[in-house]
Amino acid sequence: MNMDYDLFMQDMLRQARSEMTENGYEELKTAEEVDEAFKRKGTTFVMVNSVCGCAGGIARPAAVNAINYDKRPDHLVTVFAGQDKEATAQARMHFGEDHIPSSPSFVLLKDGKPVAEIGRHEIEGHDPMSVITAIQGYFEDFCEEV
């Protein structure tokens, strides 16, 4: 039974990761990768991924669909809470003192500094379209036309 659970979880993790990478998000797995990615000029949209139901049913679909917009970030990245713990902790350090760690969540950076954030409380219990609208509102405010 335990082996079946482990296989199930590994399959779920692969699926959650590939959903993001297959749609243009760069996966950051180490603290060093986070530091390098967050040094980039321009806008960087960060998805803090997780395996919970609101990540699979709301956050990942919103992250994938929100980028189909006239304005979008220069860089799309993701860290995986609970899996790539070092990378996630490093990303959260960059998000600032006022950041409340949650997963899933989204943070928009401009020149490495956080300018907008959508926490789990704004994802869980909401429909994907309202999350997409919130993300695109931040793209409208901070990103350039593609």
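Residues numbered from 1 in each chain as written. Predicted model: local features only at pLDDT ≥ 70, side-chain atom pairs only at ≥ 80, totals over all residues. Heavy atoms only, no water.

Q: Help me out: how do you make sense of the packing of aromatic side chains in this one?
A: Enumeration over the complete set of coordinates arrives at four aromatic pairs. Considering the side-chain rings of Tyr 25 and Phe 45, the 6.5 Å spacing of their centres and the 55 degrees angle between planes classify their relative orientation as tilted. Separated by 20 residues along the polypeptide, Tyr 25 in the loop between helix H1 (2-21) and strand S1 (26-27) and Phe 45 in strand S2 (residues 43-49) bring together distant segments of the chain. In terms of burial, Tyr 25 and Phe 45 fall into one category: buried. (Phe/Tyr/Trp six-rings, centres within 6.5 Å; stacked < 30°, edge-to-face > 60°. Helix = DSSP H or I, 4+ residues; strand = E, 2+ residues; numbered from the N terminus. Buried < 20%, exposed > 50% of the residue type's maximum accessible area, 1.4 Å probe, protein only.)

Q: It is not clear to me how the side chain of Thr 78 should be interpreted in this structure. Could you clarify?
A: Along the chain, Thr 78 falls in strand S4 (residues 75-80). Under the relative-accessibility criterion, Thr 78 is labelled buried at 3%. Reaching out from Thr 78, the side chain makes a polar contact with the backbone oxygen of Met 47 at a distance of 2.9 Å. In this view, Thr 78 contacts Met 20, Tyr 25, Glu 26, Glu 27, Leu 28, Met 47 and Asn 49; residues no more than four positions away in its chain are not counted. (Polar contact = N/O pair within 3.5 Å; in protein donor to acceptor, adjacent residues only side chain to side chain. Contact = heavy atoms within 4.5 Å.)

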